[in-house]
Amino acid sequence: MKAHAAEGRLALQRCTACGNIQYPPRELCGVCLADTLEWRVTDDEPGEVLASTVLHHSHEPAFNGKLPIHVGLIRLDAGPTAIGFLTEACSAGTRVRVTAKLDYRGRAVLSAALAISKEVS
Ligand SMILES: [Zn+2]
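What counts as what
Residues numbered from 1 in each chain as written. Predicted model: local features only at pLDDT ≥ 70, side-chain atom pairs only at ≥ 80, totals over all residues. Helix = DSSP H or I, 4+ residues; strand = E, 2+ residues; numbered from the N terminus. Buried ≥ 20, exposed ≤ 12 C-beta atoms within 10 Å, placed from the backbone. Contact = placed C-beta atoms within 7 Å. Pairing = 2+ DSSP bridges. Axes fitted to C-alpha atoms, helices over the stretch in contact; angles between N-to-C directions.

Trainee: Requested: an account of the overall build of the protein chain, with residues and values cited.
Mentor: Assigned secondary structure in the protein chain consists of one helix and eight strands. Counting helices and strands in the order they occur from the N terminus, the protein chain gives α-β-β-β-β-β-β-β-β. Structurally, the protein chain occupies a C-alpha span of about 45 × 45 × 25 Å along its principal axes. The 121 residues of the protein chain split such that 18% are buried. Partitioning the contacts of the protein chain with sequence separation of at least 6, the portion at a separation of at least 24 is 49%.

Structure follows, in structure tokens:
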């Protein structure tokens, strides 16, 4: 996933035997144990915030001056649930678009921004 994240893309494993999509990556499918996994790569993935919290303190020097930070548990429409940074305050039920990127240490992190409704009123 790191290579995809470095390109700003989110990669989820998809089992070619049963279609299960899983995150984080594993060597075998979590449903049928098949080892025939492929990467499903997207620029962003729609999802819904299940829960969120706000960090007001961190021992991580990189967060100095950036607090408070919003963090959330997000259920991706593809199935997996992940933890990611929220670009703004969100509550349970908020629709978001999740993207991957590398943090300052080169580790893949997920970031969720409010989804823009495509509905026309
Ligand atoms: Zn499977």
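The rest of the description comes next.
Trainee: Any chance you could break down the sheet that holds strand β7 (residues 95-102) for me, citing the residues and the numbers?
Mentor: Here we have five strands rolled up into a closed barrel, ordered β4-β5-β6-β8-β7, and mixed in their pairing. In this sheet, neighbouring strand axes are inclined to one another by 50 degrees on average, regardless of whether the strands run parallel or antiparallel. For strand β4 (residues 45-55) and strand β5 (residues 69-76), the ladder comprises eight bridges, and the chain directions are antiparallel. Each bridged residue has a counterpart across the sheet, and for T53 the counterpart in β5 is V71.

Just geometry here; none of it tells us what the structure is for.
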